[in-house]
Amino acid sequence: MLSLYRPGTSLVHRARAGLKLAALAALGTGLFAVARIEVVVAALIGVLAAGLLVARLPAGVLWAQVRPVWLLLTGLFVFHLLLTDPLTGAVAVLRLLTLVLAAAVVTATTRVTALVAVVEWLLRPLEVVGVRPARVGLMVAMTLRFIPVVAERAARIREAQAARGASGMRLGLLVPLLIQVLQLAATLGEALDARGADDVPARRPRRA
């Protein structure tokens with residue numbers, strides 16, 4: 001399967017996954033706590049500098065994460081333009097754009113196994129109430145793996161339809177993509193069941 005991770009030796013790549021996730025959470029909290037556009041623009045510039053200059057990621061890697069949400073960003077700005085004012089709309093769009101790019105930098109410089117390990121570590125205290133960190137970590141890993149896989153399948157279907165002269169048909173893309181995703185999910189589910197992924201671990205007997 002394809003991965004969002006891009007190997008590298010930069011300072012951002014070498015930083016711990018927990019530190020990067022904490023920085024991402026702090027960035028998101030700070031962006032929505034401050035409504036000044038100059039602060040949001042500075043945060044956006046900082047994220048771009050961290051991704052392009054420090055981590056030395058290709059611009060196409062970051063753009064690939066922004067491209068699927070540009071319609072959402074445009075609609076959000078139009079919404080604020082009609083109901084509030086252009087400045088509020090610009091701040092809202094820049095906030096979301098900054099977070100998308102920051103998340104792209106984190107996923108592109110952090111291995112999936114490291115991200116899953118952090119999630120499992122954070123959920124470990126919840127084992128006393130029945131939460132299984134390993135299962136949640138598996139769900140996170142599969143989600144991160146499925147994103148590029150689904151994008152690749154969609155690109156293949158789009159290319160095949162374009163070769164047949166059926167480009168521009170969104171419904172024609174959605175139906176075969178949905179079928180392929182369901183087939184892939186069913187196959188993966190069968191493989192996990194065969195390996196006992198849903199089995200409940202036996203409790204250890206208490207010592208007298």
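Residues numbered from 1 in each chain as written. Predicted model: local features only at pLDDT ≥ 70, side-chain atom pairs only at ≥ 80, totals over all residues. Heavy atoms only, no water.

An unreviewed UniProt entry annotates the chain as Biotin transport system permease protein originating from Geodermatophilus obscurus. On record in UniProt, under Subcellular location (unreviewed entry), the comment for the chain is "Membrane". (UniProt positions renumbered as here; feature names shortened; annotations may be inferred.)

(A) The arrangement of the overall build of the chain in detail. Along the backbone of the chain there are nine helices and zero strands. When the elements of the chain are put in sequence order from the N terminus, they spell out α-α-α-α-α-α-α-α-α. Within the span of the chain, comprising 208 residues, buried residues form 27% of the whole. Considering only residue pairs separated by 6 or more positions, the chain has 71% of its internal contacts joining residues 24 or more positions apart. With an accessible surface of roughly 13,900 Å², the chain has 67% of that area assigned to carbon and sulfur atoms. (Helix = DSSP H or I, 4+ residues; strand = E, 2+ residues; numbered from the N terminus. Buried < 20%, exposed > 50% of the residue type's maximum accessible area, 1.4 Å probe, protein only. Contact = heavy atoms within 4.5 Å. Areas by Shrake-Rupley, 256 points an atom, 1.4 Å probe, with all protein chains shown as cover.)

(B) A look at the packing of helix H4 (residues 59–66) against helix H6 (residues 86–109). H6 packs onto H4 with a crossing angle of 125° between their chain directions and a minimal axis gap of 9 Å. Between H4 and H6, the angle falls in the class oblique. Crossing hand, H4 versus H6: right-handed. Along its contact with H4, which presents Val61, Leu62, Gln65 and Val66, the element H6 presents Leu97, Val100, Leu101, Ala104, Val105 and Ala108. Of the residues assigned to the contact of H4 with H6, the class counts are nine nonpolar, one polar and no charged. (Axes fitted to C-alpha atoms, helices over the stretch in contact; angles between N-to-C directions. Parallel < 35°, antiparallel > 145°, perpendicular 65-115°, else oblique. Left-handed = near helix turned anticlockwise from the far one by under 90°. Nonpolar A, V, L, I, M, F, W, Y, C, P; charged D, E, K, R; others polar.)

(C) Layout of a nonpolar patch on the surface. The grouping of Phe77, Val78, Phe79, Leu81, Leu82 and Leu83 at the surface amounts to a nonpolar patch, some 590 Å² of accessible area in total. With respect to the helices and strands, the residue Leu83 is situated in helix H5 (residues 70–83). (Patch = residues over 30% accessible without salt bridge, like charges linked within 9 Å, V, L, I, M, F, W, Y side chains within 5 Å. Salt bridge = Lys/Arg side-chain N within 4 Å of Asp/Glu carboxyl O.)

(D) How the structure looks around the packing of helix H2 (residues 17–33) against helix H7 (residues 112–123). One way to put it is that H2 packs onto H7 with a least axis distance of 9 Å and a crossing angle of 75°. It follows that H2 is roughly perpendicular to H7 by the angle criterion. Here Ala17, Gly18 and Leu21 of H2 come into contact with H7, specifically with Ala114, Leu115 and Val118. When grouped by side-chain class, the residues that make up the contact of H2 with H7 number five nonpolar, one polar and no charged.

(E) Geometry of the UniProt feature "transmembrane region" (unreviewed entry) in the chain. With numbering aligned to this structure, UniProt lists the feature "transmembrane region" (unreviewed entry) at residues 21–54, 66–84 and 96–122. Taken end to end, residues 21–54 has its terminal C-alpha atoms 17 Å apart, with 91% of it in helix and 0% in strand. With 79% helix and 0% strand, residues 66–84 has end C-alpha atoms that lie 25 Å from one another.

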